[in-house]
Amino acid sequence: MSAAARAWAAAAAVPDPEVPCVTVADLGILREVRIEDGVAVACVSPTYSGCPATAMIEMGIETALRGAGFEVRIERVLSPAWTTDWITAEGREKLRAYGIAPPEGPAGKRALFADPVVACPRCGATATRKISEFGSTACKAQYACTACGEPFDYFKCI
Ligand SMILES: [Zn+2]
């Protein structure tokens, strides 16, 4: 395995601090890991602006790469801005399995004005209602399923 592939594998396995069922690669936060003069350069896109998890994510990636024997530099990539569209299909499956409704794409301004139809991650019913704009973290809203009665987090679309 090349050094770049080893570095990617180490960084990509880092879990998201707020949603530990998915990795930074599943969420599309980790854009690229390249080797420059023997240094692993990890390119990271912050999620929600001002999300306190960003510093923890960068630290987690740095720790993982150092653990794999690399010198590390973190590059924050602000443009293009991260959107929930970058969450991989595998990441969406993991969220659902964990009981979090994945974002209903595509992301866009529309999402600011209308509540999306959110399917219950437990039974699949779309008869759900929003309880609170904020769930366990600021990037999630709290919903409840009127079919099975299960409350769940919805990963907001941006
Ligand atoms: Zn349900």
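Here is what the cut-offs are and how they apply
- Residues numbered from 1 in each chain as written.
- Predicted model: local features only at pLDDT ≥ 70, side-chain atom pairs only at ≥ 80, totals over all residues.
- Heavy atoms only, no water.
- Phe/Tyr/Trp six-rings, centres within 6.5 Å; stacked < 30°, edge-to-face > 60°.
- Buried < 20%, exposed > 50% of the residue type's maximum accessible area, 1.4 Å probe, protein only.
- Helix = DSSP H or I, 4+ residues; strand = E, 2+ residues; numbered from the N terminus.
- Donors = N, O, S within 2.8 Å, 3.2 Å for Na, K, Ca; no water.
- Pairing = 2+ DSSP bridges.
- Core = buried A, V, L, I, M, F, W, Y, C linked by side-chain atoms within 4.5 Å.
- Domains from an automatic or database assignment.
- Contact = heavy atoms within 4.5 Å.
- Polar contact = N/O pair within 3.5 Å; in protein donor to acceptor, adjacent residues only side chain to side chain.
- Salt bridge = Lys/Arg side-chain N within 4 Å of Asp/Glu carboxyl O.
- Axes fitted to C-alpha atoms, helices over the stretch in contact; angles between N-to-C directions.

**Q** Got a minute to help me understand the packing of aromatic side chains in this structure?
**A** Two descriptors summarise a pair of aromatic rings, namely the distance from one centre to the other and the angle between the planes of the rings. The final tally for this structure, using the stated rule, is two aromatic pairs. Plain terms: the ring middles of Tyr143 and Phe152 are 6.0 Å apart, the flat faces sit at 25° to each other, and that makes the pair stacked. Phe152 carries the same exposure label as Tyr143, and that label is buried. Here Tyr143 and Tyr154 contribute two aromatic rings whose centre-to-centre distance is 5.6 Å and whose plane-to-plane angle is 75°, an arrangement assigned as edge-to-face. Of this pair, Tyr143 sits in strand 6 (residues 140–145) while Tyr154 sits in strand 7 (residues 151–155), and the two are eleven residues apart along the sequence. When sorted by exposure, Tyr143 lands in the same class as Tyr154, which is buried. Three or more aromatic residues link up through ring pairs in this structure, and these residues are Tyr143, Phe152 and Tyr154.

**Q** Please clarify how the coordination of the zinc ion should be interpreted in this entry.
**A** Note on metal sites: the ideal angle is 109.5 degrees for four tetrahedral donors, and 90 or 180 degrees for six octahedral donors. Listed as protein donors to the zinc ion are Cys120 (SG), Cys123 (SG), Cys145 (SG) and Cys148 (SG); their distances from the metal cover 2.3 Å. Linear spacing of the donor residues for the zinc ion on their chain is C-x2-C-x21-C-x2-C. Here Cys120 is found in the loop between helix 4 (110–113) and strand 5 (128–132), whereas its partner Cys148 is found in the loop between strand 6 and strand 7, with 28 residues between them in sequence. The partly exposed category is assigned to Cys148, whose relative accessible area is 33%.

**Q** How should the sheet that holds strand 5 be read in this particular structure?
**A** Whether parallel or antiparallel, the strands of a sheet pair through hydrogen bonds between backbone atoms. Judged by pairing direction, the sheet is mixed, and its four strands sit side by side in the order 4-7-6-5 without closing on themselves. Two strands close off the open sheet at either side, each with one partner strand: strand 4 (100–101) and strand 5. The sheet contact formed by strand 5 and strand 6 spans four bridges and is antiparallel. Residue pairing in the sheet places Arg129 in a bridge with Ala144 of strand 6.

**Q** Looking at this model, I keep getting lost on the nonpolar core. Mind explaining?
**A** Generally speaking, soluble globular proteins have nonpolar side chains that are buried together. Counting 27 residues, the largest nonpolar core has Leu30, Ile61, Leu65 and Phe155 as its most contacted members. Contributing elements (two or more residues each) for this core: helix 1 (3–12), strand 1 (30–36), strand 2 (39–44) and helix 2 (53–67). Looking at this core, you find at least three residues from each of domain 1 (3–76) and domain 2 (87–155). By size, the runner-up hydrophobic cluster in this structure holds ten residues, among which are Ala101, Ala141, Phe152 and Cys157.

**Q** Sorry, what's going on with the environment of Glu150 here?
**A** Assignment of secondary structure puts Glu150 in the loop between strand 6 and strand 7. Its relative accessible area of 28% is what places Glu150 among the partly exposed residues. Once residues lying within four places of it in the same chain are set aside, the contact partners of Glu150 are Arg122, Tyr143, Ala144 and Cys145. Engagement of the side chain of Glu150 in a polar contact is seen with the side chain of Arg122, the distance being 2.6 Å.

**Q** For this particular structure, what's the right way to read the pattern of salt bridges?
**A** Enumeration over the complete set of coordinates arrives at 13 salt bridges. Across the pair Arg34 and Glu32 runs a salt bridge, and its minimum N-O distance is 3.4 Å. For Arg34, a relative accessible area of 24% translates into the label partly exposed. Here the salt bridges do not stand alone but share partners, grouping Glu32, Arg34, Glu36, Arg73 and Glu75 into one network.

**Q** Mind showing me how you'd approach the sheet that holds strand 2 here?
**A** The three strands lie next to each other as 1-2-3, forming an open sheet whose pairing is mixed. The open sheet has two free edges, formed respectively by strand 1 and strand 3 (71–76), since each of these has just one partner strand. The mean angle between the axes of side-by-side strands here comes to 20°, regardless of whether they run parallel or antiparallel. Pairing analysis gives six bridges linking strand 2 to strand 3, with the strands arranged parallel. Paired with Val41 across the bridge in strand 3 is Arg73. In this fold helix 1 packs onto strand 1 and strand 2, with an angle of close to 145° to the strand it touches most, strand 1. Here helix 2 sits on the sheet in contact with strand 1, strand 2 and strand 3, set at roughly 155° to strand 3.

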